[in-house]
Amino acid sequence: MPVKLTEVARLAGVSLATASRVLNGSSRTPAAGIAERVKAAAEELGYVANAQAQALARSTTGLVGLVVHDIADPYFSAIAHGVQQAALDSRHQVLLAGTDLGGDGDSSADAELAAVNAFISYRTDAIILAASRLLAEDPRLAKALARYMDNGGRVVTLGDSEIPGARAVQVDNLDGASALVTALIESGIDRFAILAGPHERNTARIRVAGFTRALSAAGLAPESVVHGAFTSRGGNEATLELLDSLGVSAGAGDGAAPLCILAANDVMALGAMTALRTRGLNIPGDVQVAGFDDIPTLRDHSPALTTYRLPLEEIGRLAAGLALAPDAAGHASVTGTVVLRESAGQARGA
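Below: a short report on this structure. These numbers were taken from a predicted model, which means no experiment stands behind them. (Residues numbered from 1 in each chain as written. Predicted model: local features only at pLDDT ≥ 70, side-chain atom pairs only at ≥ 80, totals over all residues. Heavy atoms only, no water.)

**Considerations on helix 11 (residues 266-278)**
Point 1. For helix 11, with 13 residues, the first-to-last C-alpha span of 19 Å sits near the 18 Å given by 1.5 Å per residue.
Point 2. Among the 13 residues in helix 11, 10 count as buried, and that is most of the element.
Point 3. Elements in contact with the buried residues of helix 11: helix 5 (74-89), strand 6 (192-195), helix 10 (232-246), strand 8 (259-263), strand 9 (287-290) and strand 10 (307-309). (Helix = DSSP H or I, 4+ residues; strand = E, 2+ residues; numbered from the N terminus. Expected span 1.5 Å × (residues − 1). Buried < 20%, exposed > 50% of the residue type's maximum accessible area, 1.4 Å probe, protein only. Contact = heavy atoms within 4.5 Å.)

Written as structure tokens, this is what we have:
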């Protein structure tokens, strides 16, 4: 049987209210000697504090909810690590939920709503929405979060959000994608195709807009734009479709400059590289590839992937900072850097 607080109070020789104030974190604490006696009694008996009682005493649960799309994606796991680091510094624990059910945007929206409602029921101090926002926000989600914020909860999103009152970490997806393409054009590449990611995800849509903006500024246009899931498999399948539509094959030998595939994220780019190898195409001799994010696992792949590097863990830390500081500013911004590597015909980068 769990040890009861009354047993701790009896052993320490104090009232139940005093024992509760010591062990449940109330701002009204007794003298140091009494507090030490209560803690010693709790340790001797093996008492574990009740989280709900602590929440009532402190007016905080010490919990923060984090919603990601796919925890298996290194992009989200790096952000989650940053959130966890900052949360621990603030004596909070992170509850994690993923929205990737292998279905369409509607099922993802349902999963996000279910996660948010669960976090609200646990009375988390804040909720961080790290999953890429949908083109059309779910009105059910907006309503649930509005009630949550009215009751003192804080909400943080990554990127632009249609959720009134939410704080946001702004990521330079548009300008970053443009900068990546500009750097590739300046390196001598003039043929591009785009793996655009899913239609309904704002992150994919904004990055593709950045790609096409830079191409247009240089008087170029993508030879093909193919949509697919934000996964390695999605990049693989989209690349095979792209190669077939453009008639790109090993040994074609038409003398044209290599095509450069711009993927809306790194995991799609890695899937693209696998597809190219299955078709017997050399990277970067026959086809070149560039991604976006600079996920931590890229160091394990060859040739090294050209990409746009985002400070993923720092994004997580910034999001947690906005979520857990009551008086924090309404938003924070992060920028990245272009990293040119072997997959786009460059010397190995950082």
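What follows picks up the thread again.
**Re the packing of aromatic side chains**
Point 1. Applying the stated rule across the entire model yields 2 aromatic pairs.
Point 2. Ring centres 4.9 Å apart and planes at 85 degrees place the aromatic pair Tyr 75 and Phe 76 in the edge-to-face group.
Point 3. Exposure remark for Tyr 75: the relative accessible area of 12% places this residue in the buried category.
Point 4. Residue classification places Phe 76 among the buried residues on the basis of a relative accessible area of 6%.
Point 5. Note on Phe 292 and Tyr 308: the rings are 5.0 Å apart at their centroids and 35 degrees apart in plane angle, and the pair reads as tilted. You can see Phe 292 sitting in the loop between strand 9 and strand 10 and its partner Tyr 308 sitting in strand 10, a full 16 residues away along the chain. Assigned by exposure class, Phe 292 and Tyr 308 land together as buried. (Phe/Tyr/Trp six-rings, centres within 6.5 Å; stacked < 30°, edge-to-face > 60°.)

**Some thoughts on the packing of helix 1 (residues 5-12) against helix 3 (residues 32-45)**
Point 1. In contact at an axis separation of 8 Å, helix 1 and helix 3 are set at 125 degrees when each is read in the N-to-C sense. Classified by the angle their axes make, helix 1 and helix 3 are oblique. The two elements helix 1 and helix 3 meet at a crossing, and its hand is right-handed. In this structure, helix 1 contributes Glu 7, Val 8, Leu 11 and Ala 12 to the contact, and helix 3 contributes Arg 37, Val 38, Ala 41, Ala 42, Glu 44 and Leu 45.
Point 2. Broken down by class, the residue content of the contact of helix 1 with helix 3 amounts to 7 nonpolar, no polar and 3 charged. (Axes fitted to C-alpha atoms, helices over the stretch in contact; angles between N-to-C directions. Parallel < 35°, antiparallel > 145°, perpendicular 65-115°, else oblique. Left-handed = near helix turned anticlockwise from the far one by under 90°. Nonpolar A, V, L, I, M, F, W, Y, C, P; charged D, E, K, R; others polar.)

**So, the environment of Val 225**
Point 1. Position of Val 225 relative to the elements: it lies in strand 7 (residues 225-226).
Point 2. For Val 225, a relative accessible area of 39% puts it in the partly exposed group.
Point 3. Taking the C-alpha atoms as reference points, Val 225 and Leu 262, 37 residues apart in sequence, are found 9.5 Å from one another.
Point 4. Beyond its immediate sequence surroundings of up to four residues, Val 225 is in contact with Ile 194 and Ala 196.

**Details of the sheet that holds strand 9**
Point 1. Reading across the sheet, the 4 strands line up as 7-6-8-9 and stay open at both edges, with parallel pairing between neighbours. A single partner strand is all that each edge strand has here, and the edge strands are strand 7 and strand 9.
Point 2. Both strand 8 and strand 9 contribute to a ladder of 4 bridges, which runs parallel. Across the sheet, residue Cys 260 finds its bridge partner in strand 9, namely Gln 288.
Point 3. Against the sheet, helix 8 (residues 173-186) makes contact with strand 6, strand 8 and strand 9, and its axis sits at roughly 165 degrees relative to strand 8, the strand it touches most.
Point 4. Packing against the sheet, helix 10 makes contact with strand 6, strand 7 and strand 8, and its axis sits at approximately 145 degrees to strand 6. (Pairing = 2+ DSSP bridges.)

**Focus: the sheet that holds strand 11 (residues 331-334)**
Point 1. The 6 strands lie next to each other as 2-1-3-4-5-11, forming an open sheet whose pairing is parallel. What marks the edges here is a single partner per strand, and that holds for strand 2 (93-98) and strand 11. Taken pair by pair, the neighbouring strands of this sheet meet at an average axis angle of 15 degrees, ignoring direction.
Point 2. For strand 1 (residues 63-68) and strand 3 (residues 126-129), the ladder comprises 4 bridges, and the chain directions are parallel. Bridge pairing in strand 3 links Val 67 to Leu 129.
Point 3. Contacts between helix 12 (residues 312-324) and the sheet are confined to strand 1, strand 3, strand 4 (154-158), strand 5 (167-171) and strand 11, with strand 4 contributing the most and set at about 155 degrees to the helix.

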